[in-house]
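# Summary of the model geometry
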Amino acid sequence: MRARLFSVFIFVALYICAPLIAQAQAFETKARQVYLIDAETGTVLFAKDENAPVPPGSLAKLMTAEIVFDALGKNELTLGTEFPVSEHAWRTGGAPSGTSTMFAALKSRIRVADLLQGVTVQFANDACIILAEGMAGSEGAFARRMTERARELGMSASAFYNATGLPDPQNAVTMRDMALLARHIHTRYPEFFHYYSQAEFEWNKILQRNRNPLVAANIGVDGFVTGFAEGFGYSMVATMQRNGRRVFLAIGGLASDKERIEETRRVLDWSMTAFERKTLFLAGEAVGEAAVYGGAQSHVTLVTRDAVDVLVPVNNPERLSAKVIYRWPLTVPLETGRHAGTLKIWNGTRLLREVPVETAAAVREGSLSSRAADALQELLFFWL
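Quick notes on the rules
- Residues numbered from 1 in each chain as written.
- Predicted model: local features only at pLDDT ≥ 70, side-chain atom pairs only at ≥ 80, totals over all residues.
- Heavy atoms only, no water.
- Helix = DSSP H or I, 4+ residues; strand = E, 2+ residues; numbered from the N terminus.
- Buried < 20%, exposed > 50% of the residue type's maximum accessible area, 1.4 Å probe, protein only.
- Contact = heavy atoms within 4.5 Å.
- Areas by Shrake-Rupley, 256 points an atom, 1.4 Å probe, with all protein chains shown as cover.
- Core = buried A, V, L, I, M, F, W, Y, C linked by side-chain atoms within 4.5 Å.
- Pairing = 2+ DSSP bridges.
- Axes fitted to C-alpha atoms, helices over the stretch in contact; angles between N-to-C directions.
- Parallel < 35°, antiparallel > 145°, perpendicular 65-115°, else oblique.
- Left-handed = near helix turned anticlockwise from the far one by under 90°.
- Nonpolar A, V, L, I, M, F, W, Y, C, P; charged D, E, K, R; others polar.
- Phe/Tyr/Trp six-rings, centres within 6.5 Å; stacked < 30°, edge-to-face > 60°.
- Salt bridge = Lys/Arg side-chain N within 4 Å of Asp/Glu carboxyl O.
- Expected span 1.5 Å × (residues − 1).

## With respect to the overall build of the protein chain
Assigned secondary structure in the protein chain consists of ten helices and 18 strands. Here the protein chain, with 384 residues, has 51% of them falling under the buried criterion. The long-range fraction of contacts in the protein chain, counting pairs at least 24 apart against all pairs at least 6 apart in sequence, stands at 66%. In the form shown here, the protein chain has an accessible surface area of approximately 17,800 Å², with 52% of it arising from carbon and sulfur atoms.

## Details of the nonpolar core
Counting 64 residues, the largest nonpolar core has Leu 62, Phe 69, Phe 160, Met 178, Phe 224 and Val 237 as its most contacted members. No other element matches the eight residues that helix H2 (residues 61-73) contributes to this core. When residues no more than four places from it in sequence are discounted, the contact partners of Leu 62 are Met 178, Leu 181, Ala 182, Ile 185, Tyr 196, Phe 224, Val 225 and Val 237. Judged by nonpolar contacts, the second largest core, of 26 residues, contains Leu 280, Ala 290, Leu 320 and Val 355.

## A few points about the sheet that holds strand S3 (residues 44-48)
Strand order in the open sheet formed by five strands is S3-S2-S10-S9-S8, with antiparallel pairing between adjacent strands. A single partner strand is all that each edge strand has here, and the edge strands are S3 and strand S8 (221-229). Adjacent strand axes in the sheet meet at a mean angle of 5 degrees when their direction is disregarded. Bridge count between S8 and strand S9 (residues 233-242): seven bridges; the pairing is antiparallel. Counted as the bridge partner of Phe 228 is Tyr 234 from S9. Across the sheet, helix H9 (residues 257-273) touches strand S2 (33-38), S3, S8, S9 and strand S10 (245-254), and the angle it forms with S10 is around 150 degrees.

## Digging into the pairing of strand S17 (residues 339-347)
The pairing of strand S15 (residues 320-326) with S17 spans seven bridges and is classified as antiparallel. For Val 324, the partnering residue across the bridge sits in S17 and is Leu 343. Hairpin connection from S17 to strand S18 (residues 350-359): two residues lie between these consecutive antiparallel strands, with Gly 348 at a positive phi of about 65 degrees.

## Quick look at the packing of H2 against helix H5 (residues 125-136)
Relative to each other, H2 and H5 sit at 40 degrees, their axes nearing to 11 Å. As the angle between them shows, H2 and H5 are arranged oblique. Of the two possible hands of crossing, H2 and H5 adopt the one that is left-handed. Between H2, through Lys 61, Thr 64, Ile 67, Val 68 and Ala 71, and H5, the contact on the second element is made entirely by Asn 125, Cys 128, Leu 131 and Met 135. A class-by-class count of the residues in the contact of H2 with H5 yields six nonpolar, two polar and one charged.

## Remarks on the packing of aromatic side chains
How two aromatic rings sit relative to each other is set out by the distance from centre to centre and by the angle between their planes. Enumeration over the complete set of coordinates arrives at twelve aromatic pairs. Seen in terms of ring centroids, Phe 69 and Tyr 189 are 5.5 Å apart; in terms of plane orientation they differ by 50 degrees. Their pairing is tilted. Taken together, the positions of Phe 69 in helix H2 and Tyr 189 in the loop between helix H7 (175-188) and helix H8 (194-197) put the pair 120 residues apart, joining distant regions of the chain. Neither residue differs from the other here; Phe 69 and Tyr 189 are each classed as buried.

## With respect to the packing of H2 against H7
Interaxial distance between H2 and H7 falls to 11 Å at its minimum, and their mutual angle equals 30 degrees. Classed by the angle they form, the pair H2 and H7 counts as roughly parallel. You can see that H2 and H7 cross each other, and the crossing is left-handed. Each of Leu 62, Met 63, Glu 66 and Phe 69 in H2 lies in contact with H7, whose residues at this interface are Met 178, Leu 181, Ala 182, His 184 and Ile 185. By residue class, the composition of the contact of H2 with H7 is seven nonpolar, one polar and one charged.

## Quick word on the pattern of salt bridges
All told, the structure shown has 18 salt bridges when counted by the stated rule. The salt bridge involving Arg 277 is made with Asp 309; its shortest N-O contact spans 2.9 Å. Taken together, the positions of Arg 277 in strand S11 (residues 275-281) and Asp 309 in strand S14 (residues 308-313) put the pair 32 residues apart, joining distant regions of the chain. Arg 277 gets classed as partly exposed once you look at its relative accessible area, which sits at 43%. Judged by relative accessible area, which is 11%, Asp 309 ranks as buried. Overlapping salt bridges, with partners in common, bring together Glu 66, Asp 70, Lys 74, Arg 149 and Glu 152 in one network.

## Notes on H9
For H9, which comprises 17 residues, the first-to-last C-alpha distance of 25 Å matches the rise-based estimate of 24 Å (1.5 Å per residue) to within 8%. Among all positions in H9, only Glu 259, Arg 260, Glu 263, Thr 264, Val 267, Leu 268, Trp 270, Ser 271 and Met 272 are buried. Residues of H9 that are buried make contact with S2, S3, S8, S9, S10 and S11.

Structural data, given as structure tokens:
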């Protein structure tokens, strides 16, 4: 038993060599934190201090919207559901607050559809609080739900203590988490993504324009959100589609709104021209093999269900490499298509993709003598 617990650290290495052109052009940005991924393949195109916890500002509203989208999908509420405007929502996020607001009137009732437009177009703090109180009873309870949901989505470094991203020392996100959340929202809720693409909306006879200036710039950006936090600076989460490709970007730690717009646009433009797509494995092609304990065969071939593509710089001096990581050894009986581990692909030292691998064939239980030999081999390996 102890040997099997130890064996979680064992992996099979597989190296992929490709004739790549030397002298890539190094890319630099003024941003302190960046995470940029390709939508279709999930390839990490650029990363810079992406796991550093930072105050979210309005980037937190992505998580607020995700909670509402999820609830709508589960029929916990409808777009026509109305929530009341409390004094807390009005004072903290409404007209008296001096912050981004949709000017919700105290003690009025507002439909979820209108509140969502307030969150996604105007980044309205009052809309966030009204939704939070209406769905969870209090903003604090809703914030706990935000953090729990973040964990479910694999956002292990983010924590939320209010629905708005207004200053709270415990609020924290990472650029990696934000980019992955943006990709999740676009993929999981296509019926609601159009909210982020609106150039403007009118509510209660007040016309409000999208606070993300790149949406109106006609360069392919069709969502998400901008943010600012004292001590951290200006940030943005954006998605761009151009020539059949889509990318997701989270960028932060910029000195001004002007610098945020310029750097975001420059990074996005670079992402669309500096990469080429490579197919490393076809669907069902062997990527490695894993040892089998107690089986009629000592090893089983591992494959990926779909083709494995990555995006690499057009001029790339790095060597592509990959490792298949699995819990050693696999135990019988094994059926075809059983999840067995993960294929991790690097470009130099930069992790590009992680892809599930599965068994290519079934393996039945071996003879008594083969099982005894496997047990002896495992025991010897542990002690060595």
